[in-house]
Amino acid sequence: MSLKNINLTTLDGKQTTLGELAPGAALVVNVASKCGLTPQYSALEKLAQEYGDRGLTVIGVPCNQFMGQEPGTAEEIQTFCSTTYGVTFPLLAKTDVNGAERHPLYAALTETPDAGGEAGDIQWNFEKFLLAADGTVVNRFRPRTEPDAPEVIEAIEKVVS
């Protein structure tokens, strides 16, 4: 199955697919509101604004699997993201990215190795996957790699129009 056909649920409960949500390239990021890396939301929103017209969709995937750092309800998450960081990019329903209840999207994404050749479980909040328009995963960036790091920008430039 293509990643673009994987069923997703948005934060507001709507059913969609990755292809409907992101017809072009996508940057999929597991996010959390109470993490030391939460300020990355600012750079993610900047990428969404700067590259949206060129076909990039940033998709936030709230996850509470890392020390309970995303404890809020869907409404609380949406309010926090929009008021604190001005987030306009789509957010999915709270999702498990590791373990027995891992979402099918993350079952596929975690097969992709990072720059060091390591695949497998998500390490922490704000791990990033860059997908080409056809749904192919082209890069995996670990949590401490800032969304606006040169290697991320370079990779985005290769997949947008």
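See the structure above.
Presented here is an overview of the structure given in this document. All values derive from a computational prediction rather than experimental measurement. (Residues numbered from 1 in each chain as written. Predicted model: local features only at pLDDT ≥ 70, side-chain atom pairs only at ≥ 80, totals over all residues. Heavy atoms only, no water.)

Brief notes about the overall build of the protein
(1) Moving on: In terms of regular secondary structure, the protein is built from 5 helices and 6 strands.
(2) Moving on: Secondary structure elements of the protein, listed N to C terminal, follow the sequence β-β-α-β-α-β-α-α-β-β-α.
(3) Moving on: Viewed in the frame of its principal axes, the protein has a C-alpha envelope of about 35 × 35 × 30 Å.
(4) Moving on: Intrachain contacts of the protein at a sequence separation of at least 6 include 65% that bridge at least 24 residues.
(5) Moving on: In the structure as shown, the protein presents an accessible area of about 7400 Å², 50% of it carried by carbon and sulfur atoms. (Helix = DSSP H or I, 4+ residues; strand = E, 2+ residues; numbered from the N terminus. Contact = heavy atoms within 4.5 Å. Areas by Shrake-Rupley, 256 points an atom, 1.4 Å probe, with all protein chains shown as cover.)

Looking at the packing of aromatic side chains
(1) Moving on: According to the stated counting rule, one finds 6 aromatic pairs in the structure shown.
(2) Moving on: For the pair F80 and Y85, a centre-to-centre distance of 5.8 Å together with 65° between the ring planes defines the contact as edge-to-face.
(3) Moving on: Between the aromatic rings of Y106 and F129, the centroid separation amounts to 6.1 Å while the plane-to-plane angle is 80°, which identifies the pairing as edge-to-face. One end of the pair, Y106, is in helix α4 (residues 104-109); the other, F129, is in strand β5 (residues 128-131), with 23 residues separating them in the sequence. Both residues of the pair, Y106 and F129, count as buried.
(4) Moving on: Here a set of aromatic residues connected by ring pairs shows up, and it is made of Y41, F80, Y85, F89 and F126. (Phe/Tyr/Trp six-rings, centres within 6.5 Å; stacked < 30°, edge-to-face > 60°. Buried < 20%, exposed > 50% of the residue type's maximum accessible area, 1.4 Å probe, protein only.)

Side note on the nonpolar core
(1) Moving on: Counting residues in each nonpolar core, the largest one holds 30 residues, and the members touching the most others are L27, L44, L56, V58, F89, L130 and I156.
(2) Moving on: Elements with a minimum of two residues in this core: β3 (25-31), α2 (40-51), β4 (56-62), α3 (74-85) and α5 (150-159).
(3) Moving on: Looking at this core element by element, the count peaks at 5 residues for α2.
(4) Moving on: Listed in part, the 21 residues of the second largest apolar core include L3, I6, L21 and A22. (Core = buried A, V, L, I, M, F, W, Y, C linked by side-chain atoms within 4.5 Å.)

Considering the pattern of salt bridges
(1) Moving on: Under the defined criterion, the tally for this structure stands at 9 salt bridges.
(2) Moving on: For the salt bridge of D12 with K14, the shortest nitrogen-to-oxygen distance reads 3.2 Å.
(3) Moving on: What makes D12 exposed here is its relative accessible area of 56%.
(4) Moving on: A salt bridge links K158 to E154; the nearest nitrogen and oxygen atoms lie 3.6 Å apart. One end of the pair is K158 and the other is E154, both in helix α5 and 4 residues apart, which spans about a single turn.
(5) Moving on: Judged by relative accessible area, which is 65%, K158 ranks as exposed.
(6) Moving on: Note on E154: relative accessible area 49%, which makes it partly exposed.
(7) Moving on: Overlapping salt bridges bring together D114, E118, E127, R140 and R142 as one network. (Salt bridge = Lys/Arg side-chain N within 4 Å of Asp/Glu carboxyl O.)

A short note on the sheet that holds β3
In a beta sheet, neighbouring strands pair by backbone hydrogen bonds and run either parallel or antiparallel.
(1) Moving on: Strand order in the open sheet made by the 4 strands is β4-β3-β5-β6, with mixed pairing throughout. Looking at the sheet topology across the chains shown, the edges are occupied by β4 and β6 (137-141). Going across the sheet, the axis of each strand differs from the next one's by a mean of 15°, ignoring polarity.
(2) Moving on: Packed on one face of the sheet, α5 meets β3, β4, β5 and β6 and runs near 165° to β6. (Pairing = 2+ DSSP bridges. Axes fitted to C-alpha atoms, helices over the stretch in contact; angles between N-to-C directions.)

Notes on the pairing of β4
For a regular strand, the rule is simple: side chains alternate between the two faces of the sheet.
(1) Moving on: In terms of burial, β4 is largely enclosed, as 7 of its 7 residues are buried.
(2) Moving on: Burial along β4 is two-sided: L56, V58, G60 and P62 facing one way and T57, I59 and V61 facing the other are all buried.
(3) Moving on: One ladder, built from 7 bridges, connects β3 with β4; its direction is parallel. Looking at the pairing, V28 lines up with I59 of β4.
(4) Moving on: Taken together, β3, α2 and β4 form a β-α-β motif whose crossover is right-handed. (Right-handed = clockwise from strand over helix to strand, strands pointing away.)

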